[in-house]
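Residue strings, one per chain:
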Number of protein chains: 2
Amino acid sequence: MTMIPPSLLPEGLSDRLPPQAEASARLARRVLDTVAAHGYERVMPPLAEFEDTLTQRLKSMRAQDLVRVVDPVSQRSLAFRPDMTAQVGRIAATRLAAAPRPLRLSYAGPVIRQKASQLRPEREKLQLGAELIGSDGTAAAVEIVNIAIEALQAAGVTGITIDFTLPDLIDALAAGPLPLGPQAIEAVRAGLDAKDAGALVAISPAAAAYLPLIEATGPFHAAMERLEALSAQLGGAIDSRIAGLRAIAKPIGWDITLTLDPTERHGFEFQNWFGFSIFAEGFIGEIGRGGSYAIARADGADEPAMGFSLYPDPLIDAGFGGESPKRLFLPLGHDADRAATLRAEGWHTVAALSGDEDGAAQRCSHWLDGAEPRAY
Amino acid sequence: MTMIPPSLLPEGLSDRLPPQAEASARLARRVLDTVAAHGYERVMPPLAEFEDTLTQRLKSMRAQDLVRVVDPVSQRSLAFRPDMTAQVGRIAATRLAAAPRPLRLSYAGPVIRQKASQLRPEREKLQLGAELIGSDGTAAAVEIVNIAIEALQAAGVTGITIDFTLPDLIDALAAGPLPLGPQAIEAVRAGLDAKDAGALVAISPAAAAYLPLIEATGPFHAAMERLEALSAQLGGAIDSRIAGLRAIAKPIGWDITLTLDPTERHGFEFQNWFGFSIFAEGFIGEIGRGGSYAIARADGADEPAMGFSLYPDPLIDAGFGGESPKRLFLPLGHDADRAATLRAEGWHTVAALSGDEDGAAQRCSHWLDGAEPRAY
C-alpha cells in the first residue's frame, strides 16, 4: 500500500470507500423507501443558506459551530447547514405554507459543522428523517416513533432501544406543582443530568422534591410506575404526559427495548412535551432522535410538528450492512445479451477490456462461460 | 399563498419540493443502479477538502470559483468541492492505489461553486457518475459511453444525443503535420470555436490548413468522412483517433443521435484524446460529459482513466420523471396489517391522526374501506 500522508484530508472530513459507501447508500434508501410508503414526500433543501434564516430556526446552534462564508453575490453571510430539520421547517412555513395539514416531508443529505464534538470527530455526517407538520399529539408521536423503528428494521438494524424523554417536564413542574426559581431550575437540571441525589438535596427542600425523577429512569415499565407515583403525589399534575407516553409505547413490538429518562434534555433543545433517542446494540451513542416541536410560521404563530432524524454514520463505520453483491467476470467476446439478463437478475458484471485481466483479482466469484456463470 | 420574500434563499441556491425532489432521487438511483450492475463501486468523498489538495487535481478551476473557508482546526484553507471527479481521482491515487486495475468507481452528491455561470444560475448541483481507472483505450471508452447511455435510458431519458470530440486534436496536429506556434494555436482555437472560416484564413496559411475541421462537424457519419479525408491528406496522421471514434460509435443503438465536433474543448480541460457531451431532447445545454484523462499518482506517474459525469438538475427542473405514487388514505381504526401489505405492494399510505382529516385533500386517490382500496 502507498503511504498516505495523515494530512491528506482535514480532521473530521473523510472518504467512504467500498463497501461502506454502498452500505451507507443502501441504508439511506431503505429508510427513505419506508418513510415514502407512509406518505412522506421528499424535499431537498440547499447545502447553504443565509446565516440569519438558518439560525432563526436553530436556537441551540452557536455561530461558531457553523461553517460560514460571505456570499459574493449578496455580500451577506451564508452558513452551511449543520442540520436539515430547520430547513424543512422553513419550507413548511413558507413555500408549503398553503399545503394541506398534516404535511408529511422526508429528507436526506450531508450536514456539516465547523468543529466536531469530542465524542464524534466527524464534521460532516449524513442526516435523514421525516417530519409530520401540523400535529404534535399522541397520534403523531405514535406514527413517528413507529415509522422510525420500521425504517431502521427495514434497513436491517437490530437490537434497537428507544429512550423516551419529556423535554419540558422540569419547566412544567417548576412553573406548577414543584415551584423553583430560574437559578434553582438550572441547578436542579444539572443534578438530574448527573443523577446526583445528594446535589438535589443540597440545593433546597424545593429541589429535593425532584428526587423521584432520578428513580423514574431506566426500563420503561418500572420507570413509568415511579413517574405515575410522583404524579399521584402531585394531584395528577403530569397524568396527561404519562398517558401520552403509554399510548406511544403501546404499539411498539417486544423486540424493541424501551427505556425512560424523563429529564434527559441534551439534543432536545427544540422539543417540547415529547422526545426520544434511538440506540442500536453494539453502537456507542445514539443513531437517531426525534420528538415534538413548534415551527414558527411567517404570520408569527407557531405550528405543531413531530419528527425524527437518523444519523447512521456510526453504524456504517462499525461495518454494518456490508453485503457483497455477486460479481461476474465477462471475458472478451462474451454474450452481451446474456450478460444483460444476468445483470437484471442481480449480478454485478465486470467486463474485460483486454485479454489479460484476472476476474478473480477483480473480486469476481464467477466468470461467464458461454451462457452460464461458473465459479472460480 | 403566503408571500415569500424573494431573498429567502441566496441566488443560485434553492429548495427542491415534491414531486421534483423525489424525481431527482429516483433518477439518481436508477443511474447508480445501472453503473453498480456494471461493477462500479460507490465512493463517498467529503463535501470539503484542503483547497490545495482539491485544486491540484482541478487544473481549470480558478480559486475565485471555489467556496472557501479557513479550517479552525488546521488553520489551512478548505474548499467545498465544485466537482467530484477530482476527489475520485485522489481516492484512486492514494487510498485505493494498491487496488487491482482497472478500478471502477461510482459517486453521487452535491457540488457547489462560489458563482454561477450566466447560462446556469445554480450554484449547487447534483453530480453523479462513474470512473474507470487504469485504462483510457477504446475498450474503456466503449464501456463508459454505453453505460452512460444505458444509465440515462434506465432513468427514462429519451431523445439522447452524444456529441464526440477530440480534446487534444489541435495540439496533436500543431505539434505534427500542421505546425503552429503557441500564439497561432490560440487564434486557431478561437476561430474553430466560432466556426469562423474567414478568421482562420486571416491568421495565416498554416492556420487556414485547419479549415477542414470546421466542416468535420455535425451528424456523425458525414462529419467522420470529412475527418477521414483530412487524415488521408495528412498521410493518415489521425487515423488512430478516427478508428477509436468508429469503434466507440459502433455499438451505440440507432435510437441515439450521434454527432461530432472534433475541436470542441469547453468542459474538456482535463480530457486528452477522447471526450463526449450528452444532450437530451427538449433540454438546453448538456446534461452530462465524459472522456479520457490522466490521474497524477503519488509516485509522480500518470495513470490513464475514462469516465462520465451527469448533471441531471436541468432535466428535473423541466419536470422530468414526476411520477405520482398511488396514495391511499387510512381512516382511524383501519386494519394495520392490511395497510402494511398494501404498502409492500407499492401503495403509499397516509394514516389519519384524527377523525376530521380529508384523504382527498391529502392527495390520496383511494381510501381503505375494510380490506380494499376504494377510489374517491
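Residues numbered from 1 in each chain as written. Chains lettered and ligands numbered in written order. Predicted model: local features only at pLDDT ≥ 70, side-chain atom pairs only at ≥ 80, totals over all residues. Heavy atoms only, no water.

Structural notes on the overall build of chain A
As a reminder, the rule being used: Secondary structure elements are taken from DSSP: a helix is a run of H or I of four residues or more, a strand is a run of E of two residues or more, and numbering for both begins at the N terminus. Three exposure classes are used, based on accessible area relative to the maximum for each residue type with a 1.4 Å probe and protein chains only: buried under 20%, partly exposed in between, and exposed over 50%. When checking whether two residues touch, look at their non-hydrogen atoms; a contact exists if any pair is within 4.5 Å. Only the protein chains shown count as cover for residues, and all accessible areas are computed by the Shrake-Rupley method using a 1.4 Å probe. Just so you know, the count uses Lys and Arg for positive and Asp and Glu for negative, and it drops His and the chain ends. Taken as the charge centre is NZ of Lys, CZ of Arg, CG of Asp or CD of Glu, depending on the residue.
When you go through chain A residue by residue, the secondary structure sums to 13 helices and 16 strands. Projected onto its principal axes, the C-alpha coordinates of chain A cover approximately 85 × 55 × 50 Å. Expressed as a percentage of the 376 residues in chain A, the buried residues total 52%. Put simply, 65% of the contacts in chain A that link residues at least 6 apart link residues at least 24 apart. Summed over all atoms, the accessible surface of chain A reaches about 15,500 Å², with 54% contributed by carbon and sulfur. For chain A, the centre of its 35 positive side-chain charges and the centre of its 47 negative side-chain charges are spaced 3 Å apart.

Some details on the relation of the copies chain A and chain B
Here is the rule: When the copies are superposed, the least-squares fit takes in the C-alpha atoms of residues with a pLDDT of at least 70 in both.
Each copy of the sequence occupies a distinct position, and chain A is placed on chain B by a rotation of 180° and an axial shift of 0.0 Å, giving an RMSD of 0.0 Å. Both copies of the chain, as the preceding transformation shows, are related through a two-fold rotation axis. Within chain A, Val-69 of chain A has its C-alpha nearest the rotation axis, a separation of 3.3 Å. A share of 100% of the interface residues of chain A reappears at the interface of chain B, consistent with the copies meeting face to face through the same patch.

A short note on the interface of chain A and chain B
Stated formally: Buried area is a sum: the accessible area each of two parts loses on coming together, probed at 1.4 Å, counted once for each and added. Salt bridge, as applied in this entry: a Lys or Arg side-chain nitrogen positioned within 4 Å of an Asp or Glu carboxyl oxygen. Polar contacts, as used here, are pairs of N or O atoms within 3.5 Å; protein pairs need one atom able to donate a hydrogen and one able to accept it. Residues neighboring in sequence count only if both atoms are side-chain atoms. Amino acid classes used here: Ala, Val, Leu, Ile, Met, Phe, Trp, Tyr, Cys and Pro are nonpolar; Asp, Glu, Lys and Arg are charged; the rest, including Gly, are polar.
Every contact between the two is made by 83 residues of chain A and, on the other side, 83 residues of chain B. The junction of chain A with chain B conceals about 7,200 Å² of combined surface from both sides, 61% of it contributed by carbon and sulfur atoms. Between Asp-71 of chain B and Arg-123 of chain A there is a salt bridge; the shortest N-O distance is 2.7 Å. Across the contact surface, chain A and chain B share 31 residue pairs in polar contact (both at pLDDT 80 or more). Among the residues forming the side of chain A that touches chain B, the class breakdown is 45 nonpolar, 13 polar and 25 charged.

Considering the packing of aromatic side chains
All names here are of chain A. Cut-off, in case you're wondering: Note on aromatic contacts: the rings of Phe and Tyr and the six-membered ring of Trp form a pair at centre separations within 6.5 Å, being stacked when their planes are under 30 degrees apart, edge-to-face when over 60 apart, and tilted otherwise.
Summed over all chains, the structure comprises nine aromatic pairs over all chains. A ring pair is formed by Phe-164 and Phe-274, whose centres lie 5.4 Å apart and whose planes are at 75°; its orientation type is edge-to-face. Taken together, the residues Phe-164 in strand E7 (residues 160–165) and Phe-274 in the loop between strand E9 (257–260) and strand E10 (275–280) connect sequence positions 110 residues apart. In terms of burial, Phe-164 and Phe-274 fall into one category: buried. With a centroid separation of 5.7 Å and 25° between ring planes, the pair formed by Phe-274 and Phe-276 is classed as stacked. Assessed through its relative accessible area of 0%, Phe-276 is described here as buried. Grouping aromatic residues by their ring pairs yields a cluster made of Phe-164, Phe-220, Trp-273, Phe-274 and Phe-276.

A few points about the pairing of strand E14 (residues 348–351) of chain B
All names here are of chain B. The condition that has to hold: If DSSP finds at least two bridges between two strands, the strands pair. By the criterion used throughout, a crossover qualifies as right-handed when its path from the first strand across the helix to the second strand runs clockwise, the strands pointing away from the viewer.
As paired strands, strand E13 (residues 327–330) and E14 are joined by four bridges and run parallel to one another. Within E14, the position partnered with Arg-327 by the bridge is His-348. Of the crossover connections in this fold, the one passing from E13 over helix H13 (residues 336–344) to the parallel E14 is right-handed.

What about the pattern of salt bridges?
Within this structure, the stated rule accounts for 48 salt bridges over all chains. Where Asp-168 of chain A meets Arg-241 of chain A, a salt bridge forms, and the shortest distance between an N and an O atom there is 2.5 Å. Highlighted residues: Asp-168 of chain A in the loop between E7 and helix H5 (169–175) and Arg-241 of chain A in helix H11 (residues 239–249), separated in sequence by 73 residues. The partner of Arg-374 of chain B in a salt bridge is Asp-369 of chain B, with the nearest N and O atoms 2.5 Å apart.

Let's talk about the UniProt feature "binding site: L-histidine" (unreviewed entry) in chain A
Residues and elements named next belong to chain A. Rule in force here: UniProt positions are given in the numbering used here, feature names are shortened, and annotations may be inferred rather than shown by experiment.
UniProt's feature table lists "binding site: L-histidine" (unreviewed entry) at Asp-83, Met-84, Thr-85, Arg-113, Gln-127 and Glu-131, given in the numbering used throughout. Within the secondary structure, Arg-113 sits in the loop between strand E5 (103–112) and strand E6 (124–133). Along the chain, Glu-131 falls in strand E6. Take Glu-131: its relative accessible area is 2%, and that puts it in the buried class.

Some remarks on the side chain of Arg-327 of chain A
Along the chain, Arg-327 of chain A falls in strand E13 (residues 327–330). The class for Arg-327 of chain A is buried, based on a relative accessible area of 6%. Only 3.3 Å separates the side chain of Arg-327 of chain A from the backbone oxygen of Gly-39 of chain B, close enough to count as a polar contact. Residues within four places of Arg-327 of chain A in sequence aside, it is in contact with Trp-347, His-348, Val-350, Gln-362, Arg-363, Cys-364, Ser-365 and His-366 of chain A together with Gly-39 and Glu-41 of chain B.

Structural notes on the side chain of Arg-189 of chain A
Within the secondary structure, Arg-189 of chain A sits in helix H6 (residues 182–193). A residue is classified by how much of its surface remains accessible, and Arg-189 of chain A, at 10% relative accessible area, is buried.

Here we look at the sheet that holds strand E7 (residues 160–165) of chain B
Consider a sheet: its strands pair through backbone hydrogen bonds, and that pairing is either parallel or antiparallel. Residue and element names in this part refer to chain B. Rules: What counts as an axis is a line fitted to C-alpha atoms, over the stretch in contact for a helix, and the angles between N-to-C directions run from 0 to 180 degrees.
The sheet built from nine strands is open, its strands ordered E1-E5-E6-E12-E11-E10-E7-E9-E8 with mixed pairing. This sheet does not close on itself; its edge strands, each paired only once, are strand E1 (41–42) and strand E8 (218–219). Where helix H1 (residues 20–37) meets the sheet, it contacts E1, strand E5 (103–112), strand E6 (124–133) and strand E12 (302–310), and its direction lies at approximately 5° from that of E6.

With respect to the pairing of E5 of chain B
For a regular strand, the rule is simple: side chains alternate between the two faces of the sheet. Residues and elements named next belong to chain B. Counting buried positions along E5 yields 10 of 10 residues, so the element is predominantly enclosed. Two elements, E1 and E5, share two bridges in a ladder whose sense is parallel. Paired with Glu-41 across the bridge in E5 is Leu-105. One ladder, built from 10 bridges, connects E5 with E6; its direction is antiparallel. Looking at E6, one finds that Ala-108 is bridged to Leu-128.

Some remarks on helix H4 (residues 138–154) of chain A
All names here are of chain A. Under the convention used in this document: Each helix should span, by expectation, one fewer than its residue count multiplied by 1.5 Å.
An ideal rise of 1.5 Å per residue puts 24 Å on 17 residues; H4 measures up with 24 Å between its terminal C-alpha atoms. Along H4, the residues that are buried comprise Ala-140, Ala-141, Glu-143, Ile-144, Val-145, Ile-147, Ala-148, Ile-149, Ala-151 and Leu-152. Note on H4: the residue one or two positions beyond its end, Gly-156, has a positive phi of about 95°.

Considerations on helix H10 (residues 220–233) of chain B
All names here are of chain B. Worth spelling out the cut-off: Arc definition: it is the arc formed by the directions from the helix axis to the C-beta atoms.
Its 14 residues place the ends of H10 20 Å apart at the C-alpha level, agreeing with the 20 Å of an ideal helix rising 1.5 Å per residue. Among all positions of H10, only Phe-220, Ala-223, Met-224, Leu-227, Leu-230 and Ser-231 are buried. Viewed end-on, H10 has its buried residues packed into an arc of 115°, placing them on one side of the element. Facing away from the buried surface of H10 by more than 90 degrees, the exposed residues are Glu-225, Ala-232 and Gln-233. Just past H10, the residue Gly-235 takes up positive phi, approximately 70°.

Examining the environment of Asp-302 of chain B
All names here are of chain B. Its location among the elements puts Asp-302 in strand E12. Classification of Asp-302 as exposed rests on a relative accessible area of 55%. When neighbours within four sequence positions are excluded, Asp-302 is seen to be in contact with Ala-294, Ile-295 and Ala-296.

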